[in-house]
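Fold and geometry: a report
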Amino acid sequence: MMYRIANKIVIGMVGIFVLVSCHGLEELNENPNQIGSENVDPNLLLPTIINGVGKNVVDLGFGNMAGVMQHTQKDGWSSGHNAYDWSNDSHSWNGYYSLLTNNKAMIEKAEEESLDFHHGVGLILKSYLFGMIADLWGDAPYTNALRGDEGSEFFDAEFDAQQSIYEGIHTDLKKANLLLSNSQDSYFSIQANQDILFAGAVAKWRKFGNSLLLRYYMRLSEKEPGIARQGIQTIVSQPQTYPLILQAEDDANMPYIGNTTSDSWPTNTKFDADPQGAYFRIKLAKTFVDKLQELNDPRLAVWANKIDVPLVLEEGAPEGTDYVDEEGKRHISQDIVDAYENTVGFPVDFDSLYVGLPTALTFGTSYNLSEDVNQGTRNLHVSQLNEIYKEASGPLLQSRLMSASEVNFILAEAAAKGWISGSAENYYNEAIKQSLSAWGVSGDYDDYIANGGAYSTEEDIIIQKWIASWSSASEAWFDYRRTGLPELETGPASKRAALPLRFYYHIDEIDNNQNSAEAIDRLEPTQYKGDDASNNSAWSKFWLLQGTSQPY
């Protein structure tokens, strides 16, 4: 669905200006074909914006954030993924502001023509994008961002406080809820085939917006617990006014079509068959595999392959024993194990089913006695991603922007805090049920919830939410910063002895926007700042974390 209308979009949007920074918007004023409300069709902009948002979610949540949160690790070209070897040229927000420029045009056109559906959807997408910017960097251009076409005084936009951005998100999402509160047939100019998220279903967009509002109230739980509590109570106490995504069938998922490199799942081997390509570089993380095995979690088999060749220690065997038997198991003697462990500094994992790659391992390519020590190749003794991740598209290959599982985990946490009525355990159980349903293993729910997945403490909520955030690990990172859970340890090659807290402001923004200096001054460095030259460190705390004890 996502790209069937691609050619139509291109034709309808020839000459669209793509924003590359908050500075240097002179080009926008000079471009005769610039995008604006007078020459835009909201239905043609909508799939472009949704697609951009969805790809950002996967690029982060299945990319480096999956490394930070130890869902995955790489054994090739891995420093940014495994070891957080970031700097001020690692992460740019230009792509986010480009999407916001298009989204602004859609909102303006919707306002001009009283298109309440497109207006409400635009506010939700605006909130999602600015929320990601605030979550990832902190203070950022917001109020006066995207106004370069109004004059040179807006070329260097001020950095709004992170707190103000969150407040703006709350306001916009409440407005979106009102705009989308009417019956489906009361809206006009909706083209279902252009809405690649919900096919024009107004009620589903409304649930998405309110669920996002719930997320951004819980985001404040440690910094502003009173505001977080009041906001969540208001939503939960008025289910008719604030409907939520509570069933997996309403999840905000964007599919991948798989026709070209740009619309295919990022680890596919259809367009990247290189034996050192994206699929082969990524392994399941040991932290994640061990936890899933401990819980006997049925999702492990959905996300990972079993190892190709199990290792067997043949006790008492002569030195140098190393052979593969008729069952495909590799037998080794103790001296081979000792030599390996003395070199790599990590024990051999003899699990016969699933083996994960340890965090930021210095000799990742040779882990677990791999005989192929080239970067990013198949390791016969470590679990690769499931075969589905070789595909360019598929029913499970989706960008997961918001899920019923996440919503129910938020409600479980709120109940555990005593903020809302109801049982934390019941919400928790429902969250797991919806996650298992989303990943096609709903039949395992009863056994899982009675055993490994059983609720015990509030900590279980965040641990299970971390598991359920597979392929959308950014949200797990944001929860970790807020709660310190799960308790993750760095590895021998990690850049610092603690997980990072934010992205560095990019050097281009620092060089081109003088207002960045004040934003950097407002950051609070931690003991892990290391040799970063200023407060612009991935180990500095922005407003949301300042004054809290989390995560350190």
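The model shown is predicted, which means the values in this text are computed figures rather than measured ones. (Residues numbered from 1 in each chain as written. Predicted model: local features only at pLDDT ≥ 70, side-chain atom pairs only at ≥ 80, totals over all residues. Heavy atoms only, no water.)

1. Focus on the packing of helix α14 (residues 404–416) against helix α17 (residues 458–468)
The axes of two packed helices give the description: the angle between them and the distance between them. The condition is simple: Angular values range over 0 to 180 degrees, each being the angle between N-to-C directions of two axes fitted as lines to C-alpha atoms, with helices fitted over their stretch in contact. Helix and strand assignments follow DSSP, with helices taken as H or I runs no shorter than four residues and strands as E runs no shorter than two, numbered in order from the N terminus. The scheme is simple: roughly parallel for angles under 35 degrees, roughly antiparallel for over 145, roughly perpendicular for 65 to 115, oblique for anything else. Less than a right angle of anticlockwise turn of the near helix away from the far helix marks a crossing as left-handed, whereas a clockwise turn marks it as right-handed. Any two residues whose heavy atoms approach within 4.5 Å at even a single point are treated as in contact. All amino acids are sorted into three groups, where Ala, Val, Leu, Ile, Met, Phe, Trp, Tyr, Cys and Pro are nonpolar, Asp, Glu, Lys and Arg are charged, and the leftover types, Gly among them, are polar.
Orientation of α14 relative to α17, taken along the N-to-C sense of each, is 165 degrees, at an axis distance of 10 Å. Taken together, the axes of α14 and α17 lie roughly antiparallel to each other. Seen along the crossing, α14 lies across α17 with a hand that is left-handed. Contacts between α14 and α17 involve Ser405, Glu406, Phe409, Ile410, Ala412, Glu413 and Ala416 on the former and, on the latter, Glu458, Ile461, Ile462, Gln464, Lys465 and Ala468. Class assignment of the residues belonging to the contact of α14 with α17 gives a composition of 7 nonpolar, 2 polar and 4 charged.

2. Points about the pattern of salt bridges
Basically, it comes down to this: A pairing counts as a salt bridge when a side-chain nitrogen of Lys or Arg comes within 4 Å of a carboxyl oxygen of Asp or Glu. Exposure classes here rest on a 1.4 Å probe applied to the protein chains alone. A residue is buried below 20% of its type maximum, exposed above 50%, and partly exposed in between.
The full count for this structure, using the stated rule, is 29 salt bridges. Note that Glu413 and Arg482 form a salt bridge whose closest N and O atoms lie 2.7 Å from each other. Within this pair, whereas Glu413 is found in helix α14, its partner Arg482 is found in helix α18 (residues 473–483), the two being separated by 69 residues in sequence. Neither residue differs from the other here; Glu413 and Arg482 are each classed as buried. For the salt bridge of Asp532 with Arg496, the shortest nitrogen-to-oxygen distance reads 3.2 Å. Taken together, the positions of Asp532 in the loop between β10 (524–525) and β11 (540–541) and Arg496 in the loop between α18 and α19 (507–512) put the pair 36 residues apart, joining distant regions of the chain. The exposure class assigned to Arg496 is buried, which follows from its relative accessible area of 11%. Bridged by salt links that share partners, the residues Glu413, Lys417, Glu458, Lys465, Asp479 and Arg482 form one connected network.

3. Some words on unusual backbone geometry
Among all residues except glycine, the phi angle is most often negative; among peptide bonds, the trans geometry is most common. The omega torsion across Leu485 and Pro486 is -5 degrees, close enough to zero to call that bond cis. Note that Pro486 resides in the loop between α18 and α19. Pro551 follows Gln550 through a cis peptide bond whose omega is -10 degrees. Positionally, Pro551 belongs in the segment after β11. In this structure, Tyr84 is a non-glycine residue whose phi angle is positive, near 55 degrees.

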